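# Architecture at a glance
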Amino acid sequence: MQGAVLLLSATAGVAQDESGIESARADDAARSAPMLDSIPVEPMRVEAPAEPASPSASAQLEEIVVTAQKRVESLQETPISIQAFNAEKLSLRGIEGLADLAVQAPGLTIEPFPTHNATLRLFIRGVGLGDAQLTQDPAVGVYLDGVYIARSVGLALDVADLQRIEVLRGPQGTLYGRNTTGGAINLVTRRPLTDAFTMEHKLTFGERGLLFGRSSFNVPVNDDLAFRLALLGSRKDGYVENTGPGGDFGDRQEFALRFDTRWTPTYWLTADYAYDRSDMDYHNYLFQAVQRPNADKGEAELFKGFAQTQSIYATNRLDRLSSGPPLEESGTQVDGHALTLTALLGTQELKYIGAYRELTDREYADLGGGAGSLRYRLDSHVYDGPAADRANGGPTPLVIPTVTQSQWSHELQLSGRLFDDSFKYIVGAFQFSEEATEDRHRLNHQFSTAIGPDAVTRLLAVLPANLGAQLLSLAAPRLVNLVDLRWDIENEARAYFAQGTWSPTFLDERLHLTVGYRRSEDERRTVKFRISDTYVEGDLLGSGVGTAFLLSSGEMFDDVAAARRFQDDSWAHIAAYDLTPSLHVYAKRVEAYKSGGFNVRDPNVSGTTDESGFGIGYVDGFEPEYVQSNEAGFKSEWFGRRLRFNANAFDADYTNMQINFLIPGTISDTKTRNAGKARLRGAEVETTWLVHENLILSGDYAYLDARVTDVRDADGNNVAHQFPFQSAPRHSWVLAADWTLWRAGWGELRAYTTYNHVDRRSGLNLPGREGLTFLPAYSLVNARIGAYGIRAGERGSLDIALWGRNLADEEYPIAAIDNLPHADRAVYWGEPRTLGLDLVYRFH
């Protein structure tokens, strides 16, 4: 077993039944029967777990079915680089949602947002969005049963009844539209079935107080109506203790439910309604300071020396840090409704997907030095001091920044086959609207710190005489920054798309020529309010009476409105050929674009007040960025479908890239402009080998050469070397072994091991701080061993499995920042070694 574990792996893009081999089952007949051609409608049949298969010399890898082109088709015949995780693979790898997909799919990287553990930053082939602003869109589209999820906030939540995940690598601009320049991720949930009542219950125990439970029930009412209910609950302690007041870093608890109903009033009409809710409460982790500050911190130069005395530094993962003020709880709630109507019109299919989703998110972050200091604070907790008295008439309140968002989407599709099935097509229209607000609209504390004599000397050199005199009259002077922020967005998007594939009969339908087109139109509106004032406060010498005076004030945004419109035409051209029934080659050229927007970190209202040299401000916004990608590949199966080997190579050009330029003398103020060009080249390989009926080895590998080739600064200089791709590992792979150790009448004993590797990533670099936010290469070993399919009554079965993640207990950072006053480099660490036990009962 050890030799197999060292060599192998289960492919992120391979779906298998529970025995790991294809078996003759009752649902084979259902698969061959007439069925609706697109998602999310599927045949109404029971998805009972497969029984342990009998040894057979003719064992084969199971066919993988995906819906990446919005119709049900074999992965091997789909000219897209796809990694598919079916329900079994999700279970074996412990994947309950997007956050668990990190390092499981080469070419896809997932990182937490620095101050918000419920928000994810997604990158495919190095393309993504490092900043989760409401006014900017991601570059990787996420879809839940065909419904577009617009915001990255809340993506870390688990999904209550997940059946399959599909990762589509590369631009998907024709069928999926804007904001898929990196790729798209499809989350597919289970659907109600009318055949029989079934249920499944999972209970997990693990280290650090891990307790996870999930239950699902399939309830048929009659031959035309069925319901499905799934519930999920979990709690887990973080791996860093907070020795200060408030909650512990990383503690989280979550509840999720999903209710589905399927009604088929006639043979030609199917109605699906789904409601999902997710609710997570958690405490953000604290960034651990690794490297003391040497870089220019702008205004923070006044207190970075003192900040160091109030901070803890370590290059290894610490298990204890301390907040200053009490660490407050954060929370995210998501509610979604979706209605899908599917009508069969002869050989054609008409589908409507309508959805409404709401998001409420509260995130409290402490960015202090981890020593529990109250003299150096970076938080939005209560502040009581002379500056608050002067600005607010008393203490400023605790403010937990809150994001609220609601979205409507409608999609109409007509698809089918024409000309004796030689032409497959889909045409459609899409409409989307959203409203969102990020609200911290009460004057609140942003930072406060004591300053030393050196800072006083520096201030005296630049302050007017009257302010210098006030400064000299203070004992133990402090700097205090108070802010009042709010921004709103209203976005609308419309699109019209069509894609057709012709398989001419004169070549025995082995050649497949595809042309796709999408017309997109966007309207974006925003309103921003901001006050940011910095005070100097202290006690008057010899009196003990507190006083404060205004040191500086940022440019005020008094409900400043801005609006932009964008449009785009994206094309796809694909040629595929079936050399044999099991060897398929393809070549494609596709286009996509990411919508323009606005930068909330721009401190200027417009270019007329901008002194940075760029001559732009918040209201000016920025334009879309574009990508053209060429890709060629093949998908093959060999030796009686015992070996699957797929590979591709791609070359993509990005133009009009949206680049964030740091404003000199600031910590995080930026200017965003379309000033970049980039080139991405790479290759991806997926292989799965059924060595024996009891052993499957597989490996996925992604190579990426991502280079920003041209970035023009305010003076027209090419500074591309300062802007590498943020999350573009040159090498990443997953190796695993799936070994059935023993089969008997009671069930089977099975071991599953993965070895995951991600190469070094550059991080979000800013000029003058290159190399401070890199993420080093790391490798993880995960394993699971269990007894599966244990008989538990006439219709029941039980699985018992022990599992371990990061078995080598490797210390590796998963996020890094360079803009804290007290640190040039501070990190979040990945999860340490975790052991646990799964119990799963199925009734079918």
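Above: the structure in question.
### Topic: the environment of Ala 68
- With respect to the helices and strands, Ala 68 occurs in the loop between strand 1 (65–66) and strand 2 (73–74).
- With a relative accessible area of 0%, Ala 68 lands in the buried category.
- Once the C-alpha coordinates of Ala 68 and Val 167 are considered, the two residues, 99 residues apart in sequence, prove to be 8.7 Å apart.

### Description of the sheet that holds strand 6 (residues 127–128)
- In spatial order, the strands read 4-5-6; together these three strands make up an open sheet with antiparallel pairing. Each having just a single partner strand, strand 4 (108–113) and strand 6 make up the two edges of the open sheet.
- Of the pairings in the sheet, the one linking strand 5 (residues 116–124) to strand 6 comprises two bridges and is antiparallel in character. Residue pairing for strand 6: Ile 124 is matched across the bridge by Val 127.

### Quick word on the pairing of strand 3 (residues 81–85)
- Most of strand 3 sits inside the fold, with five of its five residues counted as buried.
- Of the two faces of strand 3, the one lined by Ser 81, Gln 83 and Phe 85 and the one lined by Ile 82 and Ala 84 are each fully buried.
- With five bridges connecting them, strand 3 and strand 9 (residues 162–169) associate as antiparallel partners. Residue Ile 82 lies in a different strand from strand 9, and its bridge partner there is Leu 168.

### Structural notes on the pairing of strand 30 (residues 643–662)
- As paired elements, strand 29 (residues 625–638) and strand 30 share 13 bridges and run antiparallel to each other. Within strand 30, the residue paired with Tyr 626 across the bridge is Thr 655.
- Hairpin connection from strand 29 to strand 30: four residues lie between these consecutive antiparallel strands, with Phe 639 at a positive phi of about 55°.
- Bridge count for strand 30 against strand 31 (residues 670–692) is 18 bridges, and the pairing is antiparallel. Paired with Leu 643 across the strands is Trp 689, a residue of strand 31.

### A look at the packing of helix 6 (residues 453–462) against helix 7 (residues 465–472)
- Helix 7 packs onto helix 6 with a crossing angle of 160° between their chain directions and a minimal axis gap of 8 Å. Relative to helix 7, helix 6 is oriented roughly antiparallel. The handedness of the crossing between helix 6 and helix 7 is left-handed. Counted together, Val 456, Leu 459 and Leu 460 of helix 6 and Gly 468, Leu 471 and Leu 472 of helix 7 form the full contact between these two elements.
- In the contact of helix 6 with helix 7, the residues fall into five nonpolar, one polar and no charged.

### A few points about the pattern of salt bridges
- Taken as a whole, this structure holds 68 salt bridges when the rule is applied.
- Here Arg 214 ties to Glu 200 by a salt bridge, and the two come within 3.6 Å at their closest N and O atoms. With Arg 214 in strand 12 (residues 210–220) and Glu 200 in strand 11 (residues 198–206), this residue pair connects regions lying 14 residues apart in the sequence. When sorted by exposure, Arg 214 lands in the same class as Glu 200, which is buried.
- As a salt-bridge pair, Asp 276 and Arg 357 come within 3.0 Å of each other at their nearest N and O atoms.

### Focus: the sheet that holds strand 37 (residues 813–817)
- Ordered by their spatial adjacency, three strands build an open sheet running 17-38-37, and the pairing between neighbours is antiparallel. Looking at the sheet topology across the chains shown, the edges are occupied by strand 17 (288–291) and strand 37. Going across the sheet, the axis of each strand differs from the next one's by a mean of 35°, ignoring polarity.
- In this sheet, strand 38 (residues 825–829) lies alongside strand 17 in antiparallel orientation, the contact comprising three bridges. Residue pairing across strands places Gln 291 opposite Arg 825, the latter belonging to strand 38.

Analysis parameters
- Residues numbered from 1 in each chain as written.
- Predicted model: local features only at pLDDT ≥ 70, side-chain atom pairs only at ≥ 80, totals over all residues.
- Heavy atoms only, no water.
- Helix = DSSP H or I, 4+ residues; strand = E, 2+ residues; numbered from the N terminus.
- Buried < 20%, exposed > 50% of the residue type's maximum accessible area, 1.4 Å probe, protein only.
- Pairing = 2+ DSSP bridges.
- Axes fitted to C-alpha atoms, helices over the stretch in contact; angles between N-to-C directions.
- Parallel < 35°, antiparallel > 145°, perpendicular 65-115°, else oblique.
- Left-handed = near helix turned anticlockwise from the far one by under 90°.
- Contact = heavy atoms within 4.5 Å.
- Nonpolar A, V, L, I, M, F, W, Y, C, P; charged D, E, K, R; others polar.
- Salt bridge = Lys/Arg side-chain N within 4 Å of Asp/Glu carboxyl O.

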